[in-house]
Amino acid sequence: MNIPLLAIILINLLFSFKGFNDISFFRKYEFHIGSICSGEQIRILSSGFLHADIMHLAFNMYTLYMFAPVVYESFSDFYFLIIYLGSLIFGSLLTLLFHKDDYNYRAIGASGAVTGILYSAILLEPNMGIGLFFIPIPIPAFIFGLLYLLYSIYGMNAKNDNIGHTAHFGGAIGGFVLTILREPSMLTENTNIVVLLLIPIVILFVMAKTGKL
């Protein structure tokens, strides 16, 4: 296994299991708007290595394991880490922006970082198949990416579950931006895919600007 990927998985395992068994540790490092606004910015990063339970941890690490090779084999180990950590921070910052007035808002999980890696992989291999449990055949990655972002907007607007849709969307933006910065030729060589995946991002900020979120 790739060393940076192995290191990320091990840190997530160690941090999460510590949080499972130590509630004070969990509360100290989770994403919490009030605490971050009081100066505890470490939570922006540390919360991305905590998980609610083993299933939450396993799903994120499995998704990361499946899509990480597309990214580090296309770029480098170092830039894979940049995309992972950058997407984690993008997800936390977007969450902070959208929930800044809710001082009790809490969140945890590597989903933002993992979604960033997923979206980087989609940009790099837009036609690879992604299998879903309820669809018998794989769908092209770029279609999955578009639908996922649109669903995240719906989830952010509906607010009817406990999923951190904002962090997922922020992570996707991080993966999108950092991948294009590293490979700007995509703008001319893969313009249709780039524009297609950009549409939900534009929709999100238009809705936020007009007060629809």
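Up top is the structure these notes are about.
Since the model is a prediction, treat every value here as computed from it, not as a measurement.

The rules behind each value
Residues numbered from 1 in each chain as written. Predicted model: local features only at pLDDT ≥ 70, side-chain atom pairs only at ≥ 80, totals over all residues. Heavy atoms only, no water. Helix = DSSP H or I, 4+ residues; strand = E, 2+ residues; numbered from the N terminus. Rg over C-alpha atoms; globule rule 2.2 N^0.38 Å. Contact = heavy atoms within 4.5 Å. Areas by Shrake-Rupley, 256 points an atom, 1.4 Å probe, with all protein chains shown as cover. Core = buried A, V, L, I, M, F, W, Y, C linked by side-chain atoms within 4.5 Å. Buried < 20%, exposed > 50% of the residue type's maximum accessible area, 1.4 Å probe, protein only. Phe/Tyr/Trp six-rings, centres within 6.5 Å; stacked < 30°, edge-to-face > 60°. Lys NZ or Arg CZ within 6 Å of the ring centre and 35° of its normal. Salt bridge = Lys/Arg side-chain N within 4 Å of Asp/Glu carboxyl O. Patch = residues over 30% accessible without salt bridge, like charges linked within 9 Å, V, L, I, M, F, W, Y side chains within 5 Å.

Asker: Explain the overall build of the protein here, please?
Answerer: For the protein, the count of helices and strands is 11 helices and 4 strands. In terms of C-alpha radius of gyration, the protein reaches 17 Å, essentially the compact-globule figure of 17 Å for 213 residues. With respect to the three principal axes, the spread of C-alpha positions in the protein is 50 × 45 × 35 Å. Contacts spanning at least 24 positions in sequence make up 73% of the contacts within the protein whose residues lie at least 6 apart. For the protein, the exposed area adds up to about 10900 Å²; of that, 67% sits on carbon and sulfur atoms.

Asker: Explanation requested: the nonpolar core in the structure shown.
Answerer: Side chains of a nonpolar character, in soluble globular proteins, are inclined to be buried together. Counting residues in each nonpolar core, the largest one holds 51 residues, and the members touching the most others are L64, V71, F80, Y84, I117 and F169. Listed by contribution, the elements that provide at least two residues to this core are α1 (3-21), α5 (54-74), α6 (77-98), α7 (111-124), α8 (141-158), α9 (165-182) and α11 (191-209). Ranked by residue count, the leading element in this core is α7, at 9 residues. With residues up to four places along the chain from it excluded, the contact list for F80 reads P4, L5, I8, L64, A68, V71, Y72 and I117. Judged by nonpolar contacts, the second largest core, of 6 residues, contains F31, I33, I36 and I44.

Asker: Explain the packing of aromatic side chains to me, please; I cannot follow it from the model alone.
Answerer: Remark: the centre distance and the inter-plane angle together describe each pair of aromatic rings, the angle taken between the planes. This structure, assessed with the given rule, holds 11 aromatic pairs. Pairing F31 with Y105 gives two aromatic rings, centres 6.4 Å apart and planes at 85°, and the pair type is edge-to-face. Taken together, the positions of F31 in strand β1 (residues 31-32) and Y105 in the loop between α6 and β2 (106-107) put the pair 74 residues apart, joining distant regions of the chain. Here F31 matches Y105 in class, with each residue buried. An aromatic cluster is defined as three or more aromatic residues linked by ring pairs; in this entry it consists of F15, F25, Y29 and F49. The ring of F25 is capped by K18, whose NZ or CZ atom sits 5.8 Å from the centre of that ring. The ring of Y79 has R182 sitting right over it, with the charged end atom 5.8 Å from the ring centre.

Asker: Please explain the pattern of salt bridges as it appears in this structure.
Answerer: A pair can form between side chains of opposite charge whenever their charged atoms are brought close. The full count for this structure, using the stated rule, is 4 salt bridges. The closest approach of N and O atoms between K18 and D22, which form a salt bridge, is 3.2 Å. Judged by relative accessible area, K18 falls into the partly exposed class, the value being 40%. Within the structure, one salt-bridge network assembled from shared partners comprises R27, E30 and R106.

Asker: Any chance you could explain a nonpolar patch on the surface here in plain terms?
Answerer: Together, M1, L6, L10, L13, F17, I54, Y62, Y65 and M66 make up a nonpolar patch on the protein surface, roughly 880 Å² of accessible area in all. Secondary-structure elements contributing two or more residues to the nonpolar patch are α1 and α5. The exposure class of M1 is exposed, given its relative accessible area of 58%.

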